[in-house]
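# Observations on the model geometry
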Amino acid sequence: MTLAKPREHLANEDAILVAENCIAVSDGAGGCGVFADEWSAYLLANLPQDSPLTTYEELNEWIDQIWEPFYEAHEEKAKLGDAMLVQKYYKEGSFATLAAAWKIDEKHCHWMSYGDSVVFHYSPKNKTLEHSFTQLADFLEPPHLINCKDPLAEEGFRSGVFELDETSMVFAASDALSHYILMCYELAHCGDYYEELIAERNSGTTNGQLLAVAEQMPMDFDKVLKDLLASVESAERFESHMLSLQENGVLDKDDYSLVVLG
């Protein structure tokens with residue numbers, strides 16, 4: 001499910017993919033470049049669904065195969081606008097994140113990410129959350145982004161394998177929602193993440209404020225995740241849940257995307 005910033009009447013720059021054994025989220029970065037929403041959608045329309053991108057070299061080779069048609073078509077589209085649009089496109093291009101997971105068999109799931117969209121694996125049996133990101137504080141850092149015209153940075157690529165059990169849940173989300181998920185898990189296991197939570201709380205940032213509010217609430221991560229994953233059953237339910245989290249002061253305003261691997 002994907003949702004533009006609720007009640008702001010803006011274009012949704014996120015794109016999602018849900019296939020039989022593959023899920024993906026791409027968050028178009030509208031703060032720089034142009035055509036971010038179309039670039040994120042283009043990436044997912046061309047993402048290999050049966051063969052995971054397991055290395056930086058594979059990601060780079062795939063982008064090298066697909067970027068040129070997009071670039072040329074949107075060069076012509078930019079020319080239909082004014083000179084400033086054309087120059088911005090030539091100078092900056094189009095930007096987006098990418099996070100994807102491929103279920104290889106009943107016990108293994110390959111994942112990759114580039115940027116701050118996140119792939120998660122939660123085992124209710126073991127009460128463990130694995131993910132493709134680094135730490136809470138890094139959501140405040142400028143993310144690595146895939147550009148439609150510039151080379152990738154190898155340090156932006158992350159990949160791995162989730163080992164699944166019979167209770168495993170694999171899902172992916174864009175950045176604001178990913179921050180909420182990771183924050184809730186760390187609060188539910190605050191003894192293990194004490195220093196990380198202290199640093200976030202004392203950061204003087206919006207994310208620190210979200211954490212301060214969430215700390216005042218009872219934190220049952222299994223319920224948080226159950227409610228969140230159930231919300232993707234319909235667009236109305238997803239929007240209602242996102243607005244509720246916003247109004248409760250625990251979710252930043254943004255486009256929201258969440259996909260679940262069946």
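We now turn to the structure provided with this report. Throughout, residues of each chain are indexed from 1 in the direction in which the sequence is written. Side-chain atom pairs in this predicted model are given and counted only at pLDDT of 80 or more, local residue features only at pLDDT of at least 70, and totals for whole chains, interfaces and linings cover all residues. For the side-chain quantities, the full set of heavy atoms in the structure was used; hydrogens and water were omitted.

### Some thoughts on the sheet that holds strand S11 (residues 169-173)
Think of it this way: DSSP has to see at least two bridges between two strands before they count as a pair. Comment: elements are numbered from the N terminus, with helices defined as DSSP H or I runs of at least four residues and strands as E runs of at least two. Strands sit in the order S1-S12-S11-S7-S8 across an open sheet of 5 strands; the sheet is antiparallel. With partners counted over all chains shown, the strands left at the sheet margins are strand S1 (2-3) and strand S8 (128-131), one partner each. Pairing of S1 with strand S12 (residues 256-260), which is carried by 2 bridges, proceeds in the antiparallel orientation. Paired with Leu3 across the bridge in S12 is Tyr256.

### Points about the side chain of Ser132
Along the chain, Ser132 falls in the loop between S8 and strand S9 (146-147). The cut-offs for exposure are 20% and 50% of the maximum accessible area for each residue type, with area from a 1.4 Å probe on protein chains only; residues under the lower value are buried, those over the upper are exposed, and the others partly exposed. By relative accessible area, which is 1% here, Ser132 ends up buried. At 2.9 Å, the side chain of Ser132 forms a polar contact with the backbone nitrogen of Val119. Contacts are assigned to residue pairs with any non-hydrogen atoms lying within 4.5 Å of each other. Apart from the residues within four sequence positions on either side, Ser132 is in contact with Trp111, Ser113, Ser117, Val118, Val119 and Arg158. Any N or O atom pair separated by 3.5 Å or less is treated as a polar contact, with the protein-specific requirement of one donor-capable and one acceptor-capable atom, and with residues adjacent in sequence counted only for side-chain atom pairs.

### Digging into helix H6 (residues 206-214)
If you check which residues of H6 are buried, you get Asn207, Gly208, Leu210, Leu211 and Ala214. The buried residues of H6 occupy an angular sector of 155° when projected down its axis, which confines them to one face. On the buried face of H6, the contacting elements are helix H4 (175-188) and helix H5 (194-201). What the arc describes is the spread of directions from the helix axis to the C-beta atoms.

### As for the sheet that holds strand S5 (residues 98-105)
Judged by pairing direction, the sheet is antiparallel, and its 5 strands sit side by side in the order S2-S3-S5-S6-S10 without closing on themselves. On the outer flanks of this sheet lie strand S2 (14-18) and strand S10 (157-163), each paired with one strand and no other. Going from strand to strand, the sheet's axes swing by 10° on average, the running direction of each strand aside. In this sheet, S10 lies alongside strand S6 (residues 108-114) in antiparallel orientation, the contact comprising 7 bridges. Within the sheet, the bridge partner assigned to Cys109 lies in S10 and is Phe162. All axes are obtained by fitting lines to C-alpha atoms, using only the stretch in contact for helices, and the reported angles, taken between N-to-C directions, cover 0 to 180 degrees.

### Comments concerning the pattern of salt bridges
Just to be clear on terms, a salt bridge is a Lys or Arg side-chain nitrogen sitting within 4 Å of an Asp or Glu carboxyl oxygen. In total, this model carries 12 salt bridges according to the counting rule given. Lys103 is the partner of Glu106 in a salt bridge, and the nearest nitrogen-oxygen pair spans 3.5 Å. Among the residues examined, Glu106 registers a relative accessible area of 59% and is labelled exposed. A salt bridge links Glu215 to Arg201, with the shortest nitrogen-to-oxygen separation between them at 2.5 Å. Here Arg201 lies in helix H5 and Glu215 lies in the loop between H6 and helix H7 (221-230), a separation of 14 residues in the sequence. One network of salt bridges, in which partners are shared, links Lys5, Asp254 and Asp255.

### Observations concerning the packing of aromatic side chains
Each pair of aromatic rings taken from Phe, Tyr and Trp, with Trp reduced to its six-membered ring, is defined by centres within 6.5 Å and is described as stacked if the planes are under 30 degrees apart, edge-to-face if over 60, and tilted in the remaining cases. If you walk through the whole model with that rule in mind, you get 13 aromatic pairs. Where Tyr122 meets Tyr185, the ring centres are 6.5 Å apart and the plane angle is 75°; that geometry is what we call edge-to-face. With Tyr122 in strand S7 (residues 118-123) and Tyr185 in helix H4, this residue pair connects regions lying 63 residues apart in the sequence. Each member of the pair, Tyr122 as well as Tyr185, carries the same accessibility label: buried. Look at Tyr185 and Phe221: their rings are 5.2 Å apart centre to centre, the planes differ by 80°, and that puts the pair in the edge-to-face class. Placement of Tyr185 in helix H4 and of Phe221 in helix H7 is noted, with a sequence separation of 36 residues between them. Of the two residues examined, Tyr185 and Phe221, each falls in the buried class. Through a chain of ring-to-ring contacts, three or more aromatic side chains come together here, namely Phe35, Trp67, Tyr71 and Tyr89.

### Topic: a negative patch on the surface
What makes a patch is a set of residues exposed beyond 30% relative accessible area and free of salt bridges, joined within 9 Å when like-charged and within 5 Å when nonpolar (Val, Leu, Ile, Met, Phe, Trp, Tyr). The protein chains shown are the only cover counted for residues, whose accessible areas, like all others here, come from Shrake-Rupley with a 1.4 Å probe. Two residue types count as positive, namely Lys and Arg, and two as negative, namely Asp and Glu; His and chain ends fall outside the count. To locate a charge, take NZ of a lysine, CZ of an arginine, CG of an aspartate or CD of a glutamate. Together, Glu57, Glu58, Glu61, Asp64, Glu68, Glu72, Glu154 and Glu155 give the surface a local cluster of negative charge. By the secondary structure assignment, Asp64 is in helix H2 (residues 56-79). On the accessibility criterion, Asp64 (56% relative accessible area) is exposed.

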